[in-house]
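Listed here are the chains, written in short residue letters.
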Amino acid sequence: QLVDMGVHSLAIKDMAGLLTPRSAGVLVKALRQEHPNMPIHVHTHDTAGNGVASMLAAAHAGADVVDGAIDAMSGLTSQPSLGAIVANIRGTIFDTGIHSSELNEPNTYRENVRILYAPFESGQLSGSSNVYQHEIPGGQYTNLLFQSKQLGLTERWPQIKRKYAEANIIMGDIPKV
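Scoring rules and cut-offs
- Residues numbered from 1 in each chain as written.
- Predicted model: local features only at pLDDT ≥ 70, side-chain atom pairs only at ≥ 80, totals over all residues.
- Heavy atoms only, no water.
- Axes fitted to C-alpha atoms, helices over the stretch in contact; angles between N-to-C directions.
- Helix = DSSP H or I, 4+ residues; strand = E, 2+ residues; numbered from the N terminus.
- Parallel < 35°, antiparallel > 145°, perpendicular 65-115°, else oblique.
- Left-handed = near helix turned anticlockwise from the far one by under 90°.
- Contact = heavy atoms within 4.5 Å.
- Buried < 20%, exposed > 50% of the residue type's maximum accessible area, 1.4 Å probe, protein only.
- Pairing = 2+ DSSP bridges.
- Right-handed = clockwise from strand over helix to strand, strands pointing away.
- Patch = residues over 30% accessible without salt bridge, like charges linked within 9 Å, V, L, I, M, F, W, Y side chains within 5 Å.
- Areas by Shrake-Rupley, 256 points an atom, 1.4 Å probe, with all protein chains shown as cover.
- Salt bridge = Lys/Arg side-chain N within 4 Å of Asp/Glu carboxyl O.
- Arc of directions from axis to C-beta.
- Polar contact = N/O pair within 3.5 Å; in protein donor to acceptor, adjacent residues only side chain to side chain.
- Core = buried A, V, L, I, M, F, W, Y, C linked by side-chain atoms within 4.5 Å.
- Nonpolar A, V, L, I, M, F, W, Y, C, P; charged D, E, K, R; others polar.

A. Just the packing of helix α1 (residues 21–34) against helix α2 (residues 51–61), in detail. Interhelical geometry of α1 versus α2 gives an angle of 25° and a closest axis separation of 8 Å. Relative to α2, the element α1 is oriented roughly parallel. Our pair here, α1 against α2, has a crossing hand that is right-handed. On α2, the residues touching Pro 21, Ala 24, Gly 25, Val 28, Lys 29 and Arg 32 of α1 are Ala 53, Ser 54, Ala 57, Ala 58 and Ala 61.

Below you can see the structure in the form of structure tokens.
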């Protein structure tokens, strides 16, 4: 229906990082078969830790654009590592022509800038594969984590995520982003 309405591209926006490599491949392949000339753009977050693999699977299935973030800003609830994507597709038909060394300077800059913003970081130290249970989008996840710590509720973080999932179902599983 969207194509019939005149859209110029199709975007898959996975704001919670729920997309697995297999589901990315199946979804993009189905869209590509149905709309062979329509640009397909895939965006995900790396919350569970499989964002790079999902973006590679999407590219192999026919996506025209996949998102990544400069390494210093990637991972966790951000986008997958651009450096890892570039390295994995070098020498293939998907090669971007970007050499890994070209990413060093902007990455170093962002590493240094990020230090200045350390007081505002959420405190998330690792990926969270239980995103498949609570489905909290990346930005909401880090904000809620930070707020729970500020309120002294760190030990209740697992319960907070469960309650978020319950509220989501009660509200009708609405789009959150």
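B. Spotlight on the pairing of strand β1 (residues 10–14). The two faces of β1 differ: Leu 10, Ile 12 and Asp 14 on one face are buried, but Ala 11 and Lys 13 on the other face are not. The pairing of β1 with strand β2 (residues 40–44) spans five bridges and is parallel. Paired with Lys 13 across the bridge in β2 is His 43. Running through α1, the crossover from β1 to the neighbouring parallel element β2 is right-handed.

C. Region of the structure containing a nonpolar patch on the surface. Where nonpolar side chains cluster on the molecular surface, the patch consists of Leu 116, Tyr 117 and Phe 120 and spans about 410 Å² of accessible area. For Tyr 117, the location among the structural elements is in the loop between α4 (104–116) and α5 (131–134).

D. Region of the structure containing helix α3 (residues 82–89). Among all positions in α3, only Gly 83, Ile 85, Val 86 and Ile 89 are buried. Axial view of α3: buried residues confined to an arc of 160°, hence all on one face. Buried residues belonging to α3 abut α2. Where α3 begins, one side-chain oxygen reaches toward the backbone nitrogen of Gly 83, 3.4 Å away; that side chain belongs to Ser 81. Of the residues trailing α3, Gly 91 is marked for its positive phi of about 80°.

E. Structural context of the nonpolar core. Val 28, Val 42, Ala 58 and Ala 63 are the most contacted members of the largest nonpolar core, which has 14 residues in total. If you tally residues by element for this core, the top one is α2, at five residues. The residues contacting Ala 58, other than those within four sequence positions of it, are Ala 24, Val 28, Val 42, Ala 63 and Val 66. Core analysis: the second largest hydrophobic core is formed by six residues, Ile 136, Trp 157, Ile 160 and Tyr 164 among them.

F. Inspection of the side chain of Asp 67 at higher detail. Tracing the sequence through the fold places Asp 67 in the loop between β3 (65–66) and α3. A distance of 2.8 Å separates polar atoms of two side chains, one belonging to Asp 67 and the other to His 41. Excluding anything up to four places from it in sequence, Asp 67 contacts Lys 13, His 41, Val 42, His 43, Met 55, Pro 80 and Ile 85.

G. How the structure looks around the packing of α2 against α3. For the pair α2 and α3, interaxial distance at closest approach is 10 Å and the crossing angle is 45°. What the angle tells us is that α2 and α3 run oblique. For the pair α2 and α3, the sense of crossing is right-handed. Facing Val 52, Met 55 and Leu 56 of α2, the residues of α3 in contact are Ala 84, Ile 85, Asn 88 and Ile 89. Class assignment for the residues of the contact of α2 with α3 results in six nonpolar, one polar and no charged.

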